[in-house]
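Take a look at the letters that make up each chain.
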Amino acid sequence: MTFVAVRMRQKKAMAVSAGDQNLFTSIYPTLSQQLPREPMEWRRSYGRAPKMIHLESNFVQFKEELLPKEGNKALLTFPFLHIYWTECCDTEVYKATVKDDLTKWQNVLKAHSSVDWLIVVVENDAKKKNKTNILPRTSIVDKIRNDFCNKQSDRCVVLSDPLKDSSRTQESWNAFLTKLRTSLLMSFTKNLGKFEDDMRTLREKRTEPGWSFCDYFMVQSAGRVPSLSWLHARAGTLQVSVPPGALDCWVFLSCLEVLQRIEGCCDRAQIDSNIAHTVGLWSYATEKLKSLGYLCGLVSEKGPNSEDLNRIVDLLAGLGAERPETANTAQSPYKKLKEALSSVEAFEKHYLDLSHAAIEMHTSIGRTRSARLVGKDLAEFYMRKKSPQKAEIYLQGALKNYLAEGWALPITHTRKQLAECQKHLGQTENYLQTSSLLASDHHVTEEERKHFCQEILSFASRQTDSPGHKIILPLHCFAQLRDLHFTPSNAVVHVGGVLSVDITMCSQMPVPVHVEQIAINVHFSIEKNNYRKTAEWLTKHKTSNGIINFPTETSPFPASQNNLPALELYEMFERSPSDNSLNTTGIICKNVHMLLRRQESSTSLETSSGVALEDGAHVLKCNDVTLEPGANRITFRTQAKEPGTYTLRQLCASVGPVRFVLPHLYPPVQYDVYSQEPQLRVEPLADSLLAGIPQKVKFTVTTGHYTVKNGDSLQLSNAEAMLILCHAENRAVIYSNTREKASDVSLRVQSSDKVTSISLPAAPAYHMIEFELEVLSLPSAPVTGGESSMLGMTEPHRKHKDTQKAGHCMATTDHKVSIDCPWSIYSTVIALTFSVPFRTTHSLLSAGTRKYIQVCVQNLSELDFQLSDGNLVDPGSSADLQLVPLNAKSPQHIHSKQSVFFVWELKWTREPPPSLRCQFSVGFSPASEGQLSIPLKPYTYEFQVENFFTLYNVRAEILPPSGAEHCRTGSLCSLEVSITRLSGLLEVDKDEALTESDEYFSTKLMYEVVDNSSNWAVCGKSSGVISMPVVAQATHRVHMEVMPLFAGYLPLPDVRLFKYLPHHSAHSSQLDADSWIENDSLSVDKHVDEQLDSSSIKSRGSVHSASSSEPKGLPMPRLQALPPGQVFNSSTGMQVLVIPSKDDHVLEVSVT
């Protein structure tokens, strides 16, 4: 049989079941889960409001002795429902065993007046299939109902296949659970109402003689587990006057009698499961026994006096005689109380037993705070017994718990108890730490705070005369560090410089405290990467405000594991100062010491502080400081001696032998000391230096550890093409290392042919001297060679990364200057790069035999200039050759990114030289500036013109077909080309193409007709080789046919001339004339004009363009393009009118 416990409003009701125990065991898991799921409406008596409840089940095996006896009023052990379980499906088995078992079960219930019962028949399809003599489905159920249920057929319930997962099973479970809940609730309500009626009847008889409150109390306590508030309420109904201690005796006996009654009717498992409800009685009994001990003098060190003994006698007499039912019990509550009050030793034994039992039970159910509270009472008991070493354990445990949970007032109260305990034990360090915490605790009265502060000061003054062991305590219980400020603000100072550190400390003490010394321990380290500790790097990478705020401790409680601070992750990049390239990268956690610090385990935070006092060579000190309550400003000063990084690690305030220490400063605090070598830096003030005009250059002398004395100077070696301009008004400015202006002095500059001397003003170490000088680079364009293009110039060398844009960039010139500095035996070489603001090109122009030279000046800079006095000369020419200018004489304004052209006509009286070397010069000055202090040298440009004399005149003419007035599209027209020699034999004609006959010299030329615009179709042979007499006015005419492809005014095709040079080959003499025909190809000289359309040559006639390789054994002639100045095409620019043909359906017109 099993019990079923029903929990309603913390009350427990029970029901008893019988039958097949194995069957019930298999069903129990599902039953225990399903029963409390659905709520039930509980309609209570006496008009009380209905309430929705959940039924919770607890099943134990049935025993007949557990059934209620006559007069038993205990609701906790009352069986409210009896259930019989069976899965019988065989009639023979039913008749042989089940029916008899059910009969016996019914007789037992009737004998104990138990009328609430239920029979559950479990049907299993698997067992039915194995039986052949089973009855129909409801036969067993019908028999049970007929034999036992009579007119109450609903007391027999069928549960079908309870272990299967089917809809039929679920329906069966729902019906069974509804019936079970209803039966349990009805029985509980009925019996509870009967119990309340009995209690009400018993209470109404309280005015009758012989009525016993103890009997009434025991009956009511059997119906529920009394709570402390209920005991107070019951005691409050005794409106009688009792001597001191009598009420405590009654409560003590009541608690123990209730607990003894519970132990008598429950097994150990039930008692352990109900500790949460009975532990309050244990604690209350302990508290009342303690109160009796204090009242009767059983806790004092000397024991009870005569008055206490009389009080004990009165209390024991008031107890009366022990009740007969407990007289034979060895450990009855009555005997325990009587024994506890009999002697000091007996009281201590019983009180300690009760206290330890209460602590153990509170701890077992997780009520740590309640256990610590009983422990504090136990500590107070030990303190009265003069056993502080035993009391300390309980006080430390309670304090640790309160600190972890943040209970401010219990912390303060426990610390005061702990301070007294530590003082008795002679734990000086722990007592001073607790005293400092109490002195800074605002939950303590002002008088108490001053008392504990005075305890610290008294100890410090006593130990001053006899110095001994140092007491190290944490700083937070004495003062708090609020902020720190560096001067200079970037926390960077040079060797020998003075650094100030100002800190704000908030004193927690209630009175002013004289501190002998406040010291900051500093850790020194040398950076591995030396480049990081240059003054420039430190200035750029250090913070500028210099103020560091420290987190304020708003609560003295340590953070729990769940309240740890968040990760403070920062990216770290280290770059090289030379080229700004990335060296290293990573992630830094700035609060790792907060996350990885050791968590306290068994020892309390109030024990020894465990702070280690560091002893280093680098310490910042401030002596004789009086800390007033609240904020105090303290200043440290130090002179930097060794370069490196200094980290402020630990703060220590000394009050006699007491050291209040802050072991770690967070956030980390550092300052840097650097040592710098003297440096000289020369940099232009503009983005680029322009050649030809004065440009300002800034000189910066960083003195570093060197002191500049009077007479020290910089010696600059003069460059040939760069001048250093000396002005009387040159001045130098001296700055400190923090960029504060120190002085402004005149600068003396002396220059000779080879050396320029700059006298430096006197300056102390770690200062900067800045001054500006003007430099002038001579303006000249790079010398060009002969004509390499139609413009006849060679591009100068240009410094530019993008070669495709080289034509739009200024040419540059580097000037290297060697400087001798007074602090070094080695010379410093600097390079200044000047950009030529102009880009100059030239070209040769022809008009028949007249020749012109054009010079183009392009302004590539961002400035505007005035150009004047443009001049072009040939240094080696004679009076027979003249350059006549055709330019305006007034100055010309040239804007940024614009060009100005100059033209000269070339005239000569006799045969000109093969080449002409020209030098162009033009004066210039910035248009935006006024009168310059010095005259500027002109800009020069040198170039060479070769083969500029006109040798041939080419003229082309297109005639319409005979009988037609104009050319028509699609009709053949006649093209007549005439080539005329304009002079006799000259030096330029004497080459390989020249041949001599009896009458005159001749040269071989190749002509070619090319139409790059595709307006004409050349019919027949478009090129050929002619033998041209080297005689003035010798003319050669060529006729060919062309066809216009478009209508309109069409430009004439181009006619090109080449020199036809024989091939230099050893086998050329062995070849006959036919070989030239067989190898009808020509090699073109590499100087052939780039505009030559070789494809057109190859596509027309027998003359082909150059090939990259020659056939073996066969010589190939060479073609050499005539320079542009030797050929004048008089037909250039002429156009021919072409009209469309009449039968054209589509009209195409060429517009040029």
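Quick note: structure is the one above.
For the structure given in this document, a descriptive report is provided here.

Parameters and conventions
- Residues numbered from 1 in each chain as written.
- Predicted model: local features only at pLDDT ≥ 70, side-chain atom pairs only at ≥ 80, totals over all residues.
- Heavy atoms only, no water.
- Helix = DSSP H or I, 4+ residues; strand = E, 2+ residues; numbered from the N terminus.
- Buried < 20%, exposed > 50% of the residue type's maximum accessible area, 1.4 Å probe, protein only.
- Contact = heavy atoms within 4.5 Å.
- Areas by Shrake-Rupley, 256 points an atom, 1.4 Å probe, with all protein chains shown as cover.
- Salt bridge = Lys/Arg side-chain N within 4 Å of Asp/Glu carboxyl O.
- Patch = residues over 30% accessible without salt bridge, like charges linked within 9 Å, V, L, I, M, F, W, Y side chains within 5 Å.
- Pairing = 2+ DSSP bridges.
- Axes fitted to C-alpha atoms, helices over the stretch in contact; angles between N-to-C directions.
- Parallel < 35°, antiparallel > 145°, perpendicular 65-115°, else oblique.
- Left-handed = near helix turned anticlockwise from the far one by under 90°.
- Nonpolar A, V, L, I, M, F, W, Y, C, P; charged D, E, K, R; others polar.
- Expected span 1.5 Å × (residues − 1).
- Core = buried A, V, L, I, M, F, W, Y, C linked by side-chain atoms within 4.5 Å.

## Observations concerning the overall build of the chain
Then, in step 1: The number of helices and strands found in the chain is 22 helices and 54 strands.
Then, in step 2: Put simply, the chain has 1152 residues, and 43% of those count as buried.
Then, in step 3: If you take every contact in the chain between residues at least 6 apart in sequence, the share linking residues at least 24 apart comes to 73%.
Then, in step 4: Only carbon and sulfur atoms are counted for the fraction: they give 51% of the accessible area of the chain, which is about 60,400 Å².

## Considering the pattern of salt bridges
Then, in step 1: In the structure shown here, the tally under the stated rule is 28 salt bridges.
Then, in step 2: With a shortest N-O distance of 3.3 Å, D308 and R311 are connected by a salt bridge. Remark: R311 and D308 occur in helix α11 (residues 306-319); sequence separation between them is three residues, near one turn of the helix.
Then, in step 3: Judged by relative accessible area, which is 11%, D308 ranks as buried.
Then, in step 4: Through salt bridges that share partners, D161, K164 and R168 make up one connected network.

## Topic: a nonpolar patch on the surface
Then, in step 1: A surface patch of nonpolar side chains, amounting to about 340 Å² of accessible area, comprises L567, L569 and I587.
Then, in step 2: Looking at the secondary structure, you find L569 in strand β14 (residues 569-575).

## Overview of the sheet that holds strand β36 (residues 881-885)
Pairing between sheet strands relies on hydrogen bonds along the backbone, with the strands arranged either parallel or antiparallel.
Then, in step 1: Ordered in space as β33-β34-β38-β36, the four strands form an open sheet in which the pairing is antiparallel. A single partner strand is all that each edge strand has here, and the edge strands are β33 (838-847) and β36. Along the sheet, successive strands turn relative to each other by an average axial angle of 25 degrees, direction set aside.
Then, in step 2: In terms of strand pairing, strand β34 (residues 850-859) meets strand β38 (residues 899-908) through eight bridges, oriented antiparallel. What sits directly across from Q854, in β38, is V903.

## As for the packing of helix α8 (residues 246-265) against helix α10 (residues 275-295)
Then, in step 1: Between α8 and α10, the least distance of the axes is 9 Å, while the angle of their chain directions is 150 degrees. One way to sum up the angle between α8 and α10 is to call them roughly antiparallel. Regarding α8 and α10, the two cross each other, and that crossing is left-handed. Residue-level inspection shows D248, C249, V251, F252, C255, L256, V258, L259, I262 and E263 of α8 in contact with α10, the latter providing T278, L281, W282, Y284, A285, K288, L289, S291 and L292.
Then, in step 2: Taken together, the residues that form the contact of α8 with α10 break down as 14 nonpolar, two polar and three charged.

## Some remarks on α10
Then, in step 1: Counted at 1.5 Å a residue, the expected span for α10 with its 21 residues is 30 Å, and the 30 Å between its end C-alpha atoms agrees.
Then, in step 2: Remark: G297 follows α10 within two positions and exhibits a positive phi of approximately 75 degrees.

## Comments concerning the nonpolar core
Then, in step 1: Grouped together as the largest cluster of nonpolar side chains are 59 residues, with contacts concentrated most on F252, L289, L298, L337, F347 and F381.
Then, in step 2: Of the residues forming this core, the biggest block, ten residues, is contributed by α8.

## Topic: the sheet that holds strand β42 (residues 967-968)
Then, in step 1: Taken in spatial order, the three strands of this open sheet run β42-β54-β49, and their pairing is mixed. With partners counted over all chains shown, the strands left at the sheet margins are β42 and β49 (1048-1051), one partner each.
Then, in step 2: The pairing of β49 with strand β54 (residues 1135-1139) spans four bridges and is classified as antiparallel. Its bridge partner being in β54, L1050 is matched across the sheet by V1136.

## Description of unusual backbone geometry
Then, in step 1: Residue P488 is reached from T487 by a cis peptide bond, and omega for that bond is 5 degrees.
Then, in step 2: Within the secondary structure layout, P488 lies in the loop between β9 (479-487) and β10 (492-494).
Then, in step 3: Residue P667 is bonded to the preceding Y666 through a cis peptide linkage, with omega at 5 degrees.
Then, in step 4: Residue position: P667 is located in the loop between β19 (658-662) and β20 (669-674).
Then, in step 5: In this structure, K897 is a non-glycine residue whose phi angle is positive, near 65 degrees.
Then, in step 6: We classify K897 as partly exposed; its relative accessible area is 47%.
Then, in step 7: The backbone of Q1033 sits at a positive phi, close to 65 degrees, despite the residue not being glycine.
Then, in step 8: Structurally, Q1033 can be placed in the loop between β47 (1023-1029) and β48 (1035-1044).
Then, in step 9: For Q1033, a relative accessible area of 56% translates into the label exposed.

These figures come from the coordinates and say nothing about function on their own.
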